[in-house]
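Spelled out from the first residue to the last, the chains are:
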Amino acid sequence: MAEKNGKWNASDLPGLAGRTAVVTGANSGLGFTAADALARAGAHVVFAVRDPERGRAAAARVDGSTEVRRLDLADLSSVREFAAGWDRPLDLLVNNAGVMMLPESRTKDGFEMQFGTNHLGHFALTNLLLPYVTDRVVTVSSGLHRGGDGVIHFDNVNLEGNYNPTRAYAQSKLANLLFVLELQRRLAEAGSRVRALAAHPGYAATNLQSHTANPLARLGMRLGNRLVAQDDRAGTLPTLYAATQDLPGASYVGPDGLGEMRGAPALVGRSAAASDPAAARRLWTLSEEMTGVTWELGVGAV
């Protein structure tokens, strides 16, 4: 049943018995609340996490069917290992894990950490798992995709000599939306019934903000978490809505409140840069070159 105000909430999730979902970063924050809600609705949920011990501790708190598998999105060999170990139908892939506004650093493969983790890791994972996906892929972006410079720095995506934590985060979240746009175009062109969608949580209080590079920003975010943010269960509603409701491919779901910071899930807009099909195709090509993972009519290949 929905709340009295008619707003959609987790109690409105359909029964998901017999369905399998993979949620990246499911051991904490929005990933955990999404995994927990999907499992409670009857899905078998795979916690795809960097630290299996923490993943098992989180899964033990869930009332439902779960398993834990190791996945480090900042290491393409780990992404390939995870995908190589998958051998059954997958109804739902939730690309949730991410890092936010870190000091400058690199992934194991030498990519700028935020672009490499938030975008490239999920790009590779999705393409490698696509042969098994039967329903949809949901990728978590952010309202901050409008921030930074508002563009993909195609000639310097690693932002060498031009690094700023906010710029890097905004670029990675813009990349998430362009990825969804081009993925949906390719799925439709291939005649696939699989849908690609995006969601963002608004301003949700999670531990993600505690890792930002700037001490003043961390303080501001702690205050914002107390005074403005909605909790993580409210923040995960757009992801759950995108994962289970009958929405068009390439839809973008976020909170319906002021500034999309909080509220019930609804279809929301995106920046012009996030709606650019030429940029989406260019990013896809660049991502194939950087990861070595290519599209072959829905089949990922290394």
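Here, the structure is the one placed above.
So, how was this worked out
Residues numbered from 1 in each chain as written. Predicted model: local features only at pLDDT ≥ 70, side-chain atom pairs only at ≥ 80, totals over all residues. Heavy atoms only, no water. Helix = DSSP H or I, 4+ residues; strand = E, 2+ residues; numbered from the N terminus. Buried < 20%, exposed > 50% of the residue type's maximum accessible area, 1.4 Å probe, protein only. Contact = heavy atoms within 4.5 Å. Areas by Shrake-Rupley, 256 points an atom, 1.4 Å probe, with all protein chains shown as cover. Pairing = 2+ DSSP bridges. Axes fitted to C-alpha atoms, helices over the stretch in contact; angles between N-to-C directions. Polar contact = N/O pair within 3.5 Å; in protein donor to acceptor, adjacent residues only side chain to side chain. Phe/Tyr/Trp six-rings, centres within 6.5 Å; stacked < 30°, edge-to-face > 60°. Right-handed = clockwise from strand over helix to strand, strands pointing away. Core = buried A, V, L, I, M, F, W, Y, C linked by side-chain atoms within 4.5 Å. Parallel < 35°, antiparallel > 145°, perpendicular 65-115°, else oblique. Left-handed = near helix turned anticlockwise from the far one by under 90°. Nonpolar A, V, L, I, M, F, W, Y, C, P; charged D, E, K, R; others polar.

**Comments concerning the overall build of the protein**
Alright, step 1. Of regular secondary structure, the protein possesses 9 helices and 10 strands.
Alright, step 2. Taking all 302 residues of the protein together, the buried fraction comes to 57%.
Alright, step 3. In the protein, of all internal contacts separated by at least 6 residues, the share reaching a separation of at least 24 is 70%.
Alright, step 4. Element-wise, carbon and sulfur atoms account for 51% of the exposed surface of the protein, whose accessible area totals about 12600 Å².

**Quick notes on the sheet that holds strand β8 (residues 265-267)**
Alright, step 1. Pairing is mixed in the open sheet, where 8 strands are placed in the order β3-β2-β1-β4-β5-β6-β7-β8. Among the strands making up the open sheet, the edge pair consists of β3 (65-70) and β8. Between one strand and the next, the sheet's axes are offset by a mean angle of 25 degrees, whatever the strand orientation.
Alright, step 2. Against the sheet, helix α2 (residues 52-59) touches β2 (44-49) and β3, its axis set at about 170 degrees to β3.
Alright, step 3. Across the sheet, helix α3 (residues 76-84) touches β1 (20-24), β2 and β3, and the angle it forms with β3 is around 140 degrees.

**So, the side chain of serine 251**
Alright, step 1. With respect to the element layout, serine 251 can be found in the loop between α8 (237-244) and β7 (252-255).
Alright, step 2. Polar contacts involving the side chain of serine 251 include one to the main-chain carbonyl oxygen of proline 248, which spans 2.6 Å.
Alright, step 3. Beyond its immediate sequence surroundings of up to four residues, serine 251 is in contact with Ala196, Leu197, Ala198, Leu267 and Arg270.

**Concerning the packing of aromatic side chains**
Alright, step 1. Taken as a whole and assessed by the stated rule, the structure comprises 6 aromatic pairs.
Alright, step 2. Here the aromatic rings of phenylalanine 123 and tryptophan 284 are separated by 4.8 Å at their centres, their planes lie at 75 degrees, and the arrangement is edge-to-face. Of this pair, phenylalanine 123 sits in helix α4 (residues 113-129) while tryptophan 284 sits in helix α9 (residues 277-291), and the two are 161 residues apart along the sequence. Comparing phenylalanine 123 with tryptophan 284 shows no difference in burial state: the two are buried.
Alright, step 3. Between phenylalanine 179 and tryptophan 284, the ring centres sit 5.7 Å apart and the planes meet at 20 degrees, which makes this aromatic pair stacked.

**Remarks on the environment of aspartate 155**
Alright, step 1. Its place among the elements puts aspartate 155 in the loop between β5 (133-140) and α5 (165-189).
Alright, step 2. Residues aspartate 155 and leucine 286, spaced 131 residues apart in sequence, show a C-alpha to C-alpha distance of 10.0 Å.

**Overview of unusual backbone geometry**
Alright, step 1. Phi at leucine 159 takes a positive value of approximately 55 degrees, unusual for a residue other than glycine.
Alright, step 2. One can find leucine 159 in the loop between β5 and α5.
Alright, step 3. At alanine 250, a position not held by glycine, the phi torsion is positive, near 70 degrees.
Alright, step 4. In this fold, alanine 250 is placed in the loop between α8 and β7.

**With respect to the pairing of β3**
Alright, step 1. Bridge analysis of β2 against β3 gives 6 bridges, and the strand direction is parallel. Bridge pairing in β3 places valine 45 opposite threonine 66.
Alright, step 2. Between β2 and its parallel partner β3, the chain crosses via α2, and the hand of that crossover is right-handed.

**What to know about the nonpolar core**
Alright, step 1. Counting residues in hydrophobic clusters, the biggest one holds 49 residues, and the most contacted among them are Val22, Phe82, Leu125, Leu129, Ile152 and Leu183.
Alright, step 2. A total of 8 residues in this core trace back to one element, the largest contributor, which is α5.
Alright, step 3. Filtering out sequence-adjacent residues up to four positions away, valine 22 remains in contact with Val46, Ala48, Phe82, Trp86, Leu90, Leu92, Leu93 and Val94.
Alright, step 4. Trp8, Leu13, Ala26 and Ala39 belong to the second largest nonpolar core, which has 32 residues in total.

**Focus: the packing of α3 against α4**
Alright, step 1. Between α3 and α4, the least distance of the axes is 9 Å, while the angle of their chain directions is 20 degrees. In terms of axis orientation, α3 runs roughly parallel to α4. You can see that α3 and α4 cross each other, and the crossing is right-handed. Of the residues in α4, those touching α3 at Leu76, Val79, Arg80, Phe82 and Ala83 are Gly121, Ala124, Leu125, Leu128 and Leu129.
Alright, step 2. For the contact of α3 with α4, a count of residues per class yields 8 nonpolar, 1 polar and 1 charged.

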